[in-house]
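Architecture and fold: a report
Each chain is listed here by its residues.
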Amino acid sequence: MDTFASAYLAASGKSVLATVAFIVVGIVLVGGLIWAFRLGAKVRAREPAPPKPHEQPRRPASGPAHETSRVREPNEMPRAADGSGERLTPHELRPTGSRDSADQSRPRWDEGSTG
């Protein structure tokens, strides 16, 4: 195969235009990426710095604030009033899936249980 002829064919006509177009598109893409990176760096430089460890909020010495301990238990699934077994529509159901439990003591871990 003749190297000169191959180079002449590769450099002629439409292949030169395609090569130039690929190079131009590549340069535009790289320029766009560089511009986007610099814009992101400028935006980030304008943002406030993250707080230092001594600026972080601390828990009060008296303990956690607004701690509430409510024990909930699930509602039973309501049945149709006429006993026909038809499904209830959403507007016939109660608005929440749980209610306050009668026993409001916190559950404790038992020595023999898994968790």
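Residues numbered from 1 in each chain as written. Predicted model: local features only at pLDDT ≥ 70, side-chain atom pairs only at ≥ 80, totals over all residues. Heavy atoms only, no water.

1. A word on the overall build of the protein chain
Helix and strand counts for the protein chain stand at two helices and two strands. In sequence order, the protein chain lays out its α and β elements as α-α-β-β. Going through the 115 residues of the protein chain one by one, you find that 4% of them count as buried. Restricting the contact set of the protein chain to residue pairs at least 6 apart, pairs at least 24 apart contribute 58%. Counting only carbon and sulfur atoms, one obtains 61% of the accessible surface of the protein chain, whose full area is about 11200 Å². (Helix = DSSP H or I, 4+ residues; strand = E, 2+ residues; numbered from the N terminus. Buried < 20%, exposed > 50% of the residue type's maximum accessible area, 1.4 Å probe, protein only. Contact = heavy atoms within 4.5 Å. Areas by Shrake-Rupley, 256 points an atom, 1.4 Å probe, with all protein chains shown as cover.)

2. Things to note about the confidence of the model for the protein chain
Averaged over the protein chain, the pLDDT score is 77; the fraction of residues at 70 or greater is 64%. Within the protein chain, the element-level pLDDT minimum falls on helix H1 (residues 3-10), averaging 65, and the maximum on helix H2 (residues 14-46), averaging 91. (pLDDT = per-residue confidence, 0-100.)

3. Remarks on a nonpolar patch on the surface
A cluster of nonpolar side chains, Val16, Val20, Val24 and Val28, forms an exposed patch at the surface whose accessible area comes to about 310 Å². Relative to the helices and strands, valine 24 is located in helix H2. Judged by its relative accessible area of 45%, valine 24 is partly exposed. (Patch = residues over 30% accessible without salt bridge, like charges linked within 9 Å, V, L, I, M, F, W, Y side chains within 5 Å. Salt bridge = Lys/Arg side-chain N within 4 Å of Asp/Glu carboxyl O.)

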